[in-house]
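Fold and contact review
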Amino acid sequence: MKSKCFLLFKVQFFNQVNVKSKAKTQVMVMVSMGILGVILAIYSYMIGYGLGSMGMAEVIPSYALAITSIVTLFFTAIKANGVLFAYKDYDILMALPVKTSTVIASRFLTMYVLNLIFTALVMVPMGISYIVWQGPGFLFYPVWIAGLLAAPLVPTTIATLLGALIILFTSRFKYANILTTVVSLAAMIAVVLGSFSLGGVSEESIDISAIKSVGEFMLVQINGIYPLASLFHKAVVKLDMVSFLIYLVISVGWYYLFVKVLSLRYKKMNTGLMTYHTRSDYKMTSLSAGSPLKALWKKEMKRFFSSTPYILNMGMGIILAVVFSIACLFVGRDQIGTILNMPGIQDVIGGVLPFVVSMLGCMSCTTSVSLSLEGKSIGILKSLPVSPELVYKSKILMNLTLILPAMLISSACLAICFPQSLPGVVLIFVTPLVYGTFTSIFGMFVNIKMPNYEWTNEISVIKQSMSSMAGIFGGMINGGIPIIILVVFKDLDPVVVGAIFTAAEAVLSVLLFGYLKKLRF
């Protein structure tokens, strides 16, 4: 079983990282991932070092484990459907002479390894910062390494279990895919709202008299959010081997139990999710004709709403934007700093509102992957009697259809919550529209330059391709630069800065689209 599991894992992992791509693309992906990894590692070390400099080095183990587990839980939950469930080569794998539990273990191992890379980039630097301040003995090293290896097991399993329960519930219905998407979106929104509420913990909700230091206060919060962090803290700080063994047994045992239980219903769940129901009462009616652009646009819309991973991953930005803006209406201006754990931000947030909406909304960039998602049917698209420009327009229009309404809703909510002058109100609405247009065009440009048609799992395109990362992080950076400028240089007039950046973005949109029309895919 072990050898078969490893072989299946190796094939799946190589498909995820797209080893068949061109050498130039592989180098670009590796360099980009390396840069992001270095930035994450440096940032993690700085957090750990900062905690140590404030006399809170004992908080580092709990903090490192909790933060990696929460992030792993969130991002695994939105990609489990497509990696473990309803994946493209499901029928081929089920036809192989291997146990169902072996298939599950190999698919789970793929998610585990990818999450382990992120966990290592956080926990290794934070472990180094702990060593700098505490100077622990030899036993610390095997405990920290073993804890690091076990860290992704529980959050990955819980996230996958959540996906399994959703699929188990929805697979009984006729429109299983639609229902799965709706329930998954509801779960994602609940997680986002929960994170807001965690950020808004006030002193009144905690017995301050029972806490002797800020470090103990943080430990109470962290261990309350993630109980396993308490066991890991005792194992690292106090070298409590009983707590360490309990931590390992829970992590490994929970994973083993999950695989065994899931294997009992795995085939039924995937069959229910991948089965398509056809209408038996179809009647011929009058047919309507439309323009080629409308037909291609409708095709893109159907492609987006037929894929749960596509919706959850590329829809995350607009979900965050809408949820955050609506939440602001209820919590009020004075509590924004408490929610974000950034006291005083309410004094400057009015000037950065247009770019906050832009940054979040531009994270939803479907054009950065829509061309790659054509896959092996790209030849059909090329053979259609339409120009490449029309294809680009349909994909850009689809992304604008998705993000612009969400941006307008967010802008309206924030305009109500944070009253502005007339020019400020205009920018709150206009800036996100301009930024959304540029991001849609930029994503299309990136996908033309870095396509990937040789995929077997759409998750590898949606989440892990170079074009996807360029679209998501490009949107974040694009909207984040003016935010940083306004926060650092508080004396600048936010209306003038906003007008300059919005005008520049509009000019870049026109120029880039003009260049885009000359490209061929």
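Provided above is the structure to which this section pertains.
To start, this report covers the structure provided alongside it. (Residues numbered from 1 in each chain as written. Predicted model: local features only at pLDDT ≥ 70, side-chain atom pairs only at ≥ 80, totals over all residues. Heavy atoms only, no water.)

1. Things to note about the packing of helix α20 (residues 422-449) against helix α22 (residues 466-488)
Between α20 and α22, whose axes approach to 9 Å, the crossing angle comes to 150°. Here α20 lies roughly antiparallel to α22, going by the angle between them. The handedness of the crossing between α20 and α22 is right-handed. Listed contacts from α22 to Tyr435, Phe438, Thr439, Phe442, Val446 and Asn447 of α20 are Ser467, Ala470, Asn478, Gly479 and Pro482. Of the residues in the contact of α20 with α22, the class split is six nonpolar, five polar and no charged. (Axes fitted to C-alpha atoms, helices over the stretch in contact; angles between N-to-C directions. Helix = DSSP H or I, 4+ residues; strand = E, 2+ residues; numbered from the N terminus. Parallel < 35°, antiparallel > 145°, perpendicular 65-115°, else oblique. Left-handed = near helix turned anticlockwise from the far one by under 90°. Contact = heavy atoms within 4.5 Å. Nonpolar A, V, L, I, M, F, W, Y, C, P; charged D, E, K, R; others polar.)

2. Side note on the nonpolar core
Core analysis: the biggest nonpolar cluster contains 57 residues, and Leu371, Leu516 and Phe521 have the highest contact counts within it. A per-element tally of this core places helix α19 (residues 388-417) first, with 14 residues. Phe521 has contacts with Leu371, Ile378, Leu381, Lys382, Pro388, Val391, Tyr392 and Tyr453, leaving out every residue within four places of it along the chain. (Core = buried A, V, L, I, M, F, W, Y, C linked by side-chain atoms within 4.5 Å. Buried < 20%, exposed > 50% of the residue type's maximum accessible area, 1.4 Å probe, protein only.)

3. Observations regarding the pattern of salt bridges
Inspection of every chain in the model, using the stated rule, returns five salt bridges. Note that Glu300 is salt-bridged to Lys299, the shortest N-O span being 3.6 Å. What makes Glu300 buried here is its relative accessible area of 5%. Residue Lys395 is joined to Glu300 by a salt bridge in which the shortest nitrogen-to-oxygen separation is 2.5 Å. You can see Lys395 sitting in helix α19 and its partner Glu300 sitting in helix α12 (residues 292-305), a full 95 residues away along the chain. Residue Lys395 shares its accessibility class with Glu300, and that shared class is buried. Each of Lys299, Glu300, Glu374 and Lys395 takes part in one network of salt bridges that share partners. (Salt bridge = Lys/Arg side-chain N within 4 Å of Asp/Glu carboxyl O.)

4. Thoughts on the packing of aromatic side chains
The full count for this structure, using the stated rule, is 17 aromatic pairs. Centroid distance Phe108 to Tyr255: 4.9 Å. Interplanar angle 35°. Geometry classified as tilted. One end of the pair, Phe108, is in helix α5 (residues 100-134); the other, Tyr255, is in helix α11 (residues 241-274), and 147 residues separate them in sequence. Each residue in the set Tyr130, Phe140, Tyr141, Trp144, Phe232 and Tyr247 is aromatic and connected to the rest through ring pairs, giving one cluster. (Phe/Tyr/Trp six-rings, centres within 6.5 Å; stacked < 30°, edge-to-face > 60°.)

5. Looking at the side chain of Ser263
With respect to the element layout, Ser263 can be found in helix α11. Polar side-chain contacts of Ser263 include one of 2.6 Å to the backbone oxygen of Lys260. Not counting the four nearest positions on each side in its chain, Ser263 is found in contact with Thr100, Ser101 and Ile104. (Polar contact = N/O pair within 3.5 Å; in protein donor to acceptor, adjacent residues only side chain to side chain.)

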